[in-house]
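Here is how the chains run, residue by residue.
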Amino acid sequence: MADKKALLSIVDHKGNRERTLELPLYSGTLGPDVIDVHELTANGFFTYDPGFVSTASCESKITYIDGDNGILLHRGYPIEQLAEHSDYLETCYLLLYGDLPSRKEREKFEYTIMRHTMIHEQMRALFAGFRRDAHPMAIMCGVVGALSAFYHDSLDITNEVHREICAYRLISKMPTLAAMAYKYSIGQPFIYPRNDLSYGGNFLHMLFATPCVDYEVKPVLARAMDRIFLLHADHEQNASTSTVRLAGSSGANPFACIAAGIAALWGPAHGGANEAVLVMLNEIGDEANIDEFIARAKDKDDPFRLMGFGHRVYKNLDPRAKVMKQTCDEVLTELGLEDDPLFRIAKRLEKIALEDEYFIQKKLYPNVDFYSGIILKAMGIPTEMFTVIFATGRTPGWIAHWHEMISGNYRIGRPRQLYTGETKRDYIPLTERN
Ligand code: SDX
């Protein structure tokens, strides 16, 4: 596979060349070439790349991102086209199997997913162990990992059928668990899933129906929910997906790996940003305060960052943010909230930031999290549930990457380090210490 080579010359502090290493260079179908650095260890070197800014951790065929040009492809299909013409379950199928399904494949996949949405009845008792005011993400970390205690009949990761059953169970049951986490936090009874509703509609029904009065799912909100799930479905080797791959590389079962991914997603620098955007917009409170917050975001001595802005890979507008903003317009119009003050602040904040030299120079654009929270809030979903919805949407991506790794040749992930600690020293008995 190596068609080119990289020459690495090691020179001493006087510039005298000590030696030259030849490293294989591989080309993918899209994106930068990669330098295979395996041989460095045998030559006494490690690479050093905190935050993995320049590190390709694996080979993958699932998603491609071109950050400079704001391009996102799932199995080659642009996210804008999937958002306009496809739906979430079809995108799940695409991520898992690599191609768009035929009509029959799509019907079978949708039928199967929508008929595995119930969880083991005994799992309901797990929720009772949490305080009512537990953050729903804390509950999700617990109950998703606990799936491996209930579905141990399909945990042989070397068995292709088991891997597929786990993928289906996770995609089917995440909305049910997410809705249960919400219902538990507001002290309302759990609502069972309904097979007759769409994936997004069923989720909204489980969130908002009660035994006393039914909840009629508005088609535009069901479509918006489906669109939000779709826009979050996968995103290459982001922090949570890399966590799932690393957990999976030890042979851990897929439910435990997805629970690890949920934990990594929770951070405000990652999936927790959608919740943090709403907190920030509420803190800004009025368009008159925007300049103050922009100044704080630019102040090196102020830890405040403009949540929903910036991205490790996108140095252009996140293509998902563009679609999310359109969806935001649709939902707010449908709900008669065109003048939603938070949306007004968000649009003004985006305009000011995109014209500000600091943001232009650092190539900071709105990302997927900037508008999603406004839609979810308008739909009546509480801020604490935003990252739970992100995790639900991201499940097919996590499981597709896990499956791609486990079904191929892989090794346990075990990075090394640059050690700058103490050199060897002898123990000092307590009697001889000060
Ligand atoms: C997601 O990886 C993925 O694909 C993630 C994701 C996915 O789908 O899985 O796309 C989902 O996580 C989106 C990102 C959500 N996070 C936020 O919106 C939080 C706010 N953004 C930042 O914290 C930050 O932009 C990150 C974490 C997203 C990216 O961080 P990097 O790549 O490590 O960049 P950096 O922190 O080194 O920032 C580069 C410079 C710094 O200034 P200097 O030190 O060079 O002077 O830009 C500045 C930063 O201070 N900067 C910001 C900023 N983001 C970066 N300044 C103000 N506000 C911001 N939001």
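Q: Sorry, what's going on with the sheet that holds strand E1 (residues 4-11) here?
A: Sheets are built from strands that pair by backbone hydrogen bonding, the pairs being arranged parallel or antiparallel. The strand order E1-E2-E3 describes an open sheet built from three strands, whose pairing is antiparallel. Two strands in the sheet have a free side with no partner beyond their single neighbour: E1 and strand E3 (34-35). One ladder, built from two bridges, connects strand E2 (residues 17-26) with E3; its direction is antiparallel. The partner of Tyr-26 across the bridge, within E3, is Val-34.

Q: Explanation requested: the site of the ligand in the structure shown.
A: What surrounds the ligand is a group of 24 residues, the closest being His-235, His-311, Arg-312, Arg-320 and Arg-394. Phe-309 has a polar backbone atom sitting 2.9 Å from a nitrogen atom of the ligand. One nitrogen or oxygen atom from the side chain of His-311 is found 2.6 Å from an oxygen atom belonging to the ligand.

Q: Mind showing me how you'd approach the environment of Met-405 here?
A: Considering the arrangement of structural elements, one finds Met-405 in helix H17 (residues 386-406). Separated by 389 residues in the primary sequence, Met-405 and Asn-16 have C-alpha atoms spaced 43 Å apart.

Q: Can you walk me through the pairing of strand E4 (residues 63-66) in this structure?
A: Regular strands have side chains that alternate between both faces of the sheet. Relative to strand E5 (residues 71-74), E4 is paired through four bridges, and the arrangement is antiparallel. Bridge assignment links Tyr-64 to a residue of E5, and that residue is Leu-73. Adjacent in sequence and paired antiparallel, E4 and E5 are bridged by four residues, among which Gly-70 carries a positive phi angle near 60°.

Q: Is there a simple way to think about the packing of helix H5 (residues 136-150) against helix H6 (residues 160-185) in this case?
A: Packed helices, taken two at a time, are described by the angle their axes make and the gap between the axes. In the contact formed by H5 and H6, the axes pass within 10 Å of each other and the chain directions differ by 140°. Considered as vectors, H5 and H6 are oriented oblique to each other. You can see that H5 and H6 cross each other, and the crossing is right-handed. Note on element contacts: H6 touches H5 through Leu-170, Met-174, Leu-177, Ala-178, Ala-181 and Tyr-184, opposite Pro-136, Ile-139, Met-140, Val-143, Val-144 and Leu-147.

About the cut-offs
- Residues numbered from 1 in each chain as written.
- Predicted model: local features only at pLDDT ≥ 70, side-chain atom pairs only at ≥ 80, totals over all residues.
- Heavy atoms only, no water.
- Pairing = 2+ DSSP bridges.
- Helix = DSSP H or I, 4+ residues; strand = E, 2+ residues; numbered from the N terminus.
- Near = heavy atom within 4 Å.
- Polar contact = N/O pair within 3.5 Å; in protein donor to acceptor, adjacent residues only side chain to side chain.
- Axes fitted to C-alpha atoms, helices over the stretch in contact; angles between N-to-C directions.
- Parallel < 35°, antiparallel > 145°, perpendicular 65-115°, else oblique.
- Left-handed = near helix turned anticlockwise from the far one by under 90°.
- Contact = heavy atoms within 4.5 Å.

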